[in-house]
Amino acid sequence: MDHLTPRPDRYDVPYAMDSFHQMPYRKLGGSGLSAASIGLGTWKFGYPDTGDGSRVDGPGSFEILDRSVELGVTFWDTANRYNNGSGNSERIIGRWFKANPDQRRTIVLASKVHGGMDGYTPNHCGLSRGAIIDALDASLARLQLDYLDVLYFHRPDPSTPVEESLETIDDLVRAGKVRYLAVSNFSVDELTELVDAAGQISRRCRPVAVQNQYNPVDGETDNHAGVLKFCAENAISYVPYSPLGRGLLTGRYLDPAKVGAGDRLHDEGSMESVAGSLNKVRALAGLAKEWGLEVSQLALAYLLTLPGMGPQIPSSSNVGQLESNAQAGKVALTDDQVAAIGQALA
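Residues numbered from 1 in each chain as written. Predicted model: local features only at pLDDT ≥ 70, side-chain atom pairs only at ≥ 80, totals over all residues. Heavy atoms only, no water.

Caption draft 1: Region of the structure containing the nonpolar core. If you look at the biggest cluster of nonpolar residues, it comprises 94 residues, and the most contacted ones within it are W76 and F153. When sequence neighbours within four positions are dropped, the list of residues in contact with F153 reads V113, L127, I132, S165, L166, I169, L181, A182, V183, S184 and F186. (Core = buried A, V, L, I, M, F, W, Y, C linked by side-chain atoms within 4.5 Å. Buried < 20%, exposed > 50% of the residue type's maximum accessible area, 1.4 Å probe, protein only. Contact = heavy atoms within 4.5 Å.)

Quick look at the structure:
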């Protein structure tokens, strides 16, 4: 960004702001960092023609990213491992930033380290000092950026002392390459160990967010039970992945007879496993229709009411899905509506 040339279009910026393009923001954990209540998961972005397993190509991804800024959907989540360890989601986002350098501070960008990348030795994975630094440098190169707003540990690494991993983050924050730490796929015991160790090292390496699997129908997975409660009690934001149950809560699967090729759960062979959840989804769809919402909007808005819950990062494979999800960030459910949703899910 050119800071030397006068910019009349940015004169008289408000002194303080709590939203962007009408999208409410919320703090990440106990930090000062604000993020859009509805963000964007980018695991689908890549180069499908190369066989990376992605679902949205470069032009399609750019359309979604451009529109997300217009909608205030500015909390973007990616990972180096997305799409078969290709790094292609990061490459797409990097190309977008190269074309839109003035938007860097508009976007709160998160990526992840842990899984094997860029080579085949044991040092090409995990959370050792070298693995974190090398993986981060590679991510920043793909993203064509100098820093990440949030760096996640994608999974715990029992083979590396937690102090080594956290001291590395402390160094990276000091160096300006990372601003905040978060973790993903952590249990209560693993979180407790990490938070206690961070307390002995530096607040700079205390996690501000946890990204675990969660949706309104299924809640937490058994091995991560209690993490949402832990987050609420310890000023950590719970940022759920698959908040719409891999599309189950979009209403797309309410009539199984209409499900076919191209629908994610069908393509993954998961329709039988979610059959027992369809009655709850139908109940939510009934409430959504009564209140003039889509079932996906109701689900996201409900999640935002839960204690400890942070921003939502649903993925979008087209602009229409993005626009629908964005509306959920502006839905203010009443206490009676929240109670009715809870009853439908019971």
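Caption draft 2: Region of interest: the layout of surface pockets. In this structure, the largest pocket occupies an estimated 1,200 Å³ of space. Forming the boundary of the largest pocket are 36 residues, of which F20, R104, R105, T106 and I107 lie nearest the centre. Residue assignment for the lining of the largest pocket shows that the elements contributing at least two residues are β1 (19–20), β2 (23–27), α3 (88–99) and β8 (178–184). The leading source of residues in the lining of the largest pocket is β2, at three residues. For the lining of the largest pocket, the residue count by class is 14 nonpolar, eight polar and 14 charged. (1 Å grid on protein atoms, 1.4 Å probe; cavity = no way out; pocket = protein on both sides within 12 Å on 5 of 7 lines; lining within 4 Å. Points joined across faces, edges and corners; volume = space filled by probe spheres on them. Helix = DSSP H or I, 4+ residues; strand = E, 2+ residues; numbered from the N terminus. Nonpolar A, V, L, I, M, F, W, Y, C, P; charged D, E, K, R; others polar.)

Caption draft 3: Representation of helix α12 (residues 319–328). When we look at burial in α12, the residues that qualify are L322, S324, N325, A326 and A328. The secondary structure elements touched by the buried residues of α12 are β2, β4 (40–41), α1 (58–71) and α11 (295–303).

Caption draft 4: Seen up close, the pairing of strand β6 (residues 108–113). Of all six residues in β6, six are buried, a share of seventy percent or more. Here β6 shows a buried face lined by V108, A110 and K112 and a second buried face lined by L109, S111 and V113. Relative to β6, strand β5 (residues 75–77) runs parallel, the two being bridged by three bridges. Within β6, the residue paired with D77 across the bridge is A110. Handedness of the crossover is the feature at issue here: the chain leaves β6, passes through helix α4 (residues 129–143), returns alongside strand β7 (residues 148–153), and the resulting connection is right-handed. (Pairing = 2+ DSSP bridges. Right-handed = clockwise from strand over helix to strand, strands pointing away.)

Caption draft 5: Spotlight on the pattern of salt bridges. Going through the model one piece at a time under the given rule, you end up with 13 salt bridges. The partner of D77 in a salt bridge is K112, with the nearest N and O atoms 2.7 Å apart. Taken together, the residues span a long stretch of sequence, with D77 in strand β5 and K112 in strand β6 at a distance of 35 residues. Overall, K112 belongs to the buried group, its relative accessible area being 0%. Taking the shortest distance from any N to any O, the salt bridge between D170 and R174 comes out at 3.2 Å. Highlighted residues: D170 and R174, both in helix α5 (residues 162–174), separated by four residues, approximately one helical turn. For D170, a relative accessible area of 8% gives the class buried. One salt-bridge network, held together by shared partners, links R7, D9 and D102. (Salt bridge = Lys/Arg side-chain N within 4 Å of Asp/Glu carboxyl O.)

Caption draft 6: Looking closely at the sheet that holds β1. Pairing is antiparallel in the open sheet, where three strands are placed in the order β1-β2-β3. Either end of the sheet is taken by a strand with one partner, and the two such strands are β1 and β3 (34–36). Bridge count between β1 and β2: two bridges; the pairing is antiparallel. When the bridges of β2 are listed, F20 appears paired with M23.

Caption draft 7: Structural context of the packing of aromatic side chains. Counted according to the given criterion, the structure contains four aromatic pairs. Look at W76 and W96: their rings are 5.0 Å apart centre to centre, the planes differ by 70 degrees, and that puts the pair in the edge-to-face class. With W76 in strand β5 and W96 in helix α3, this pair connects stretches of sequence that are 20 residues apart. Each member of the pair, W76 as well as W96, carries the same accessibility label: buried. Taken together, the ring pairs in this structure connect W76, W96 and F97 into an aromatic cluster. Across the ring face of Y147, the terminal group of R179 is positioned such that the distance to the ring centre comes to 3.8 Å. (Phe/Tyr/Trp six-rings, centres within 6.5 Å; stacked < 30°, edge-to-face > 60°. Lys NZ or Arg CZ within 6 Å of the ring centre and 35° of its normal.)

Caption draft 8: Region of the structure containing helix α13 (residues 335–345). Among the residues of α13, Q337, I341, A344 and L345 are the ones counted as buried. For α13, the buried positions fall inside an angular range of 95 degrees around the axis, keeping them on one side. Residues of α13 that are exposed and angled more than 90 degrees away from the buried face: D335, D336 and Q343. Those residues of α13 that are buried are in contact with α10 (278–290) and α11. (Arc of directions from axis to C-beta.)

Caption draft 9: Molecular detail of the packing of α1 against α3. Axis separation between α1 and α3 bottoms out at 10 Å; the angle between their running directions is 60 degrees. Here α3 runs oblique to α1, going by the angle between their axes. Regarding α1 and α3, the two cross each other, and that crossing is right-handed. Mapping the contact onto sequence places G58, S61, F62, L65, D66 and V69 in α1 and I92, R95 and W96 in α3. (Axes fitted to C-alpha atoms, helices over the stretch in contact; angles between N-to-C directions. Parallel < 35°, antiparallel > 145°, perpendicular 65-115°, else oblique. Left-handed = near helix turned anticlockwise from the far one by under 90°.)

Everything listed here is a matter of coordinates, which is why it stays silent on function.
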